[in-house]
Amino acid sequence: MYIDTHAHLDGEEFRDDLADVVKRIREAGALQVYVPGINLSSLQTVDDVCRRYPGFLYPMIGLHPEDVKDDYSSILDIMEQRLKENIASGAEASSGMRYIAIGEVGLDYYWSREFEKEQLEAFERQVAWAAEYQLPLMIHCRKAQNEMVAIIRRYESRLTRGGVFHCFTGNVNEALQLLAFDRFVLGIGGVLTFKKSHLPDTLSAVVPIDRIVVETDSPYMAPVPMRGKRNDSSYIPYIIDRLADVYGVSSEDVARTTTETARKIFNV
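Summary of the structure given here. (Residues numbered from 1 in each chain as written. Predicted model: local features only at pLDDT ≥ 70, side-chain atom pairs only at ≥ 80, totals over all residues. Heavy atoms only, no water.)

Check the secondary structure of the protein and you find nine helices and eight strands. Projecting the C-alpha coordinates of the protein onto the three principal axes gives extents of approximately 45 × 40 × 30 Å. Within the protein, buried positions represent 57% of all 268 residues. Contacts in the protein between residues far apart in sequence, at least 24 positions, make up 76% of those at least 6 positions apart. Of the roughly 11600 Å² of accessible surface on the protein, a fraction of 48% belongs to carbon and sulfur atoms. For the protein, the distance from the average site of its 30 positive side-chain charges to the average site of its 40 negative ones is 3 Å. (Helix = DSSP H or I, 4+ residues; strand = E, 2+ residues; numbered from the N terminus. Buried < 20%, exposed > 50% of the residue type's maximum accessible area, 1.4 Å probe, protein only. Contact = heavy atoms within 4.5 Å. Areas by Shrake-Rupley, 256 points an atom, 1.4 Å probe, with all protein chains shown as cover. Lys, Arg positive; Asp, Glu negative; His and termini not counted. Charge placed at Lys NZ, Arg CZ, Asp CG, Glu CD.)

Structure representation (structure tokens):
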């Protein structure tokens, strides 16, 4: 039994067969699946899928760095109002309608730095939400770890719920820099299973097993042996089995530990 802490099941890729996908995910052993927001339209799509599967799918709210453009401030105004309304409603997590995290947010300079300033401002504003509303963060970061770390450090004492550094694929030094934030954990997905990945060595060297959670980032980055296919949360066992090899423990131990860590972070 496991929790997928990051799956975009509200995406167009699942529009035609979501019911079948969810059935398969449940049968594979998933206890819960957490669904990040990424932009303005995802306010509705994330809401829709989580209402459809209460107590199984859980929503987040956030503006993904690749969706940060000139209009980011007005979009964040709308999102913050939705977040305030959600909190004021007193929705319980079990209803599937309480936002369980601020995410997917962060910095991404992989393709371009055109909106570097806007990304920094948008990320810091959303980090401030996590501090104010006592919610964990789901953080996306590519080619911007130093900038991201600098912002987290400014708010660290107020981020009492911590969060997840999503899709971690870094080296030992990068892992240690992130693990220094003791309320945060690393999100580990399909990259772990790739033939040329150095991630197994990094994890075994410096990352305690209780400082990770498992994720798919579906529909992207399916693990071996499903690489190249549309990813979904039923493939998490492949990641768990590889983690068991890395840490020299049973798959059941990995599933139990990562589930406990996910529940601690997200309070679900």
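Turning to the sheet that holds strand β5 (residues 137-142), a few remarks are in order. Taken in spatial order, the five strands line up as β4-β5-β6-β7-β8 in an open sheet, and their pairing is parallel. Of all the strands in the sheet, just β4 (102-108) and β8 (212-214) have a single pairing partner and so form its edges. When strand polarity is set aside, the average angle formed by the axes of neighbouring strands in this sheet is 30 degrees. Strand direction decides the pairing type here: β4 and β5, joined by six bridges, are parallel. Paired with Asp-108 across the strands is Arg-142, a residue of β5. Along the sheet, helix α5 (residues 145-155) makes contact with β4, β5, β6 (163-165) and β7 (184-188), crossing β5 at roughly 150 degrees. (Pairing = 2+ DSSP bridges. Axes fitted to C-alpha atoms, helices over the stretch in contact; angles between N-to-C directions.)

Once that is clear, we can look at empty space enclosed by the protein. In the structure shown here, the tally under the stated rule is one cavity of 30 Å³ or more. Quantified by volume, the largest cavity comes out at close to 30 Å³. As for the largest cavity, its lining consists of Cys-167, Phe-168, Thr-169, Gly-189, Gly-190, Val-191 and Glu-215. Classifying every residue of the lining of the largest cavity gives three nonpolar, three polar and one charged. (1 Å grid on protein atoms, 1.4 Å probe; cavity = no way out; pocket = protein on both sides within 12 Å on 5 of 7 lines; lining within 4 Å. Points joined across faces, edges and corners; volume = space filled by probe spheres on them. Nonpolar A, V, L, I, M, F, W, Y, C, P; charged D, E, K, R; others polar.)

Ranked by size, the top nonpolar core spans 72 residues in total, and within it Leu-137, Ile-152 and Leu-243 carry the most contacts. Apart from the residues within four sequence positions on either side, Leu-137 is in contact with Ile-102, Val-105, Gln-126, Val-127, Ala-130, Ile-152, Leu-159, Gly-162, Gly-163, Val-164 and Phe-184. Ranked by size, the runner-up nonpolar core spans 13 residues in total, among them Ile-100, Met-138, Ile-265 and Phe-266. (Core = buried A, V, L, I, M, F, W, Y, C linked by side-chain atoms within 4.5 Å.)

Moving on, we get to the layout of surface pockets. Considered as a void within the structure, the largest pocket measures approximately 580 Å³ in volume. Taken together, 22 residues form the lining of the largest pocket, with Cys-141, Arg-142, Lys-143, Cys-167 and Thr-169 sitting closest to its centre. Sorting the residues of the lining of the largest pocket by element identifies β5, α5 and α6 (172-179) as the ones contributing at least two each. Of all the elements, β5 adds the most residues to the lining of the largest pocket, at four residues. Across the lining of the largest pocket, the residue classes break down as ten nonpolar, six polar and six charged.

Taking 1.5 Å per residue as the helical rise, helix α4 (residues 116-133) with its 18 residues ought to reach 26 Å, and the 26 Å between its terminal C-alpha atoms agrees with that figure. Burial in α4 covers these residues: Glu-118, Gln-119, Ala-122, Phe-123, Gln-126, Val-127, Trp-129, Ala-130, Ala-131 and Tyr-133. Among the residues trailing α4, Gln-134 stands out with phi positive, at a value near 55 degrees. (Expected span 1.5 Å × (residues − 1).)

What follows concerns the packing of aromatic side chains. On inspection of all chains with the given rule, the structure shows seven aromatic pairs. Between Phe-181 and Phe-184, the aromatic rings sit 6.1 Å apart at their centres with planes inclined by 65 degrees, giving edge-to-face as the arrangement. Take Phe-181 and Phe-184: they sit in the same class, and that class is buried. Following the ring pairs from residue to residue traces out a cluster consisting of Tyr-34, Tyr-58 and Phe-266. We note Arg-26 situated over the ring of Phe-56; from NZ or CZ to the ring centre the distance is 4.1 Å. Over the ring of Phe-194 we find Arg-227, and its NZ or CZ is 3.6 Å from the ring centre. (Phe/Tyr/Trp six-rings, centres within 6.5 Å; stacked < 30°, edge-to-face > 60°. Lys NZ or Arg CZ within 6 Å of the ring centre and 35° of its normal.)

Turning next to the packing of α5 against α6. The contact between α5 and α6 brings their axes to 11 Å, and the two run at 15 degrees. In terms of orientation, α5 and α6 fall into the roughly parallel class. The way α5 lies across α6 gives a crossing that is left-handed. Counting all contacts with α5, which are made through Gln-145, Asn-146, Met-148, Val-149 and Arg-153, the residues of α6 involved are Glu-174, Gln-177 and Leu-178. A breakdown of the residues in the contact of α5 with α6 according to their chemical character gives three nonpolar, three polar and two charged. (Parallel < 35°, antiparallel > 145°, perpendicular 65-115°, else oblique. Left-handed = near helix turned anticlockwise from the far one by under 90°.)

Now for the pattern of salt bridges. Think of it this way: side chains of opposite charge can pair up when their charged atoms draw near. Scanning the entire structure with this criterion turns up 15 salt bridges. Ionic pairing is found between Arg-256 and Asp-253, a salt bridge with its closest N-O pair at 2.3 Å. Placement of both Arg-256 and Asp-253 in helix α9 (residues 251-266) is noted, with a separation of three residues, approximately one turn of the helix. Among the charged side chains, a salt-bridge network with shared partners connects Glu-12, Arg-15 and Asp-16. (Salt bridge = Lys/Arg side-chain N within 4 Å of Asp/Glu carboxyl O.)

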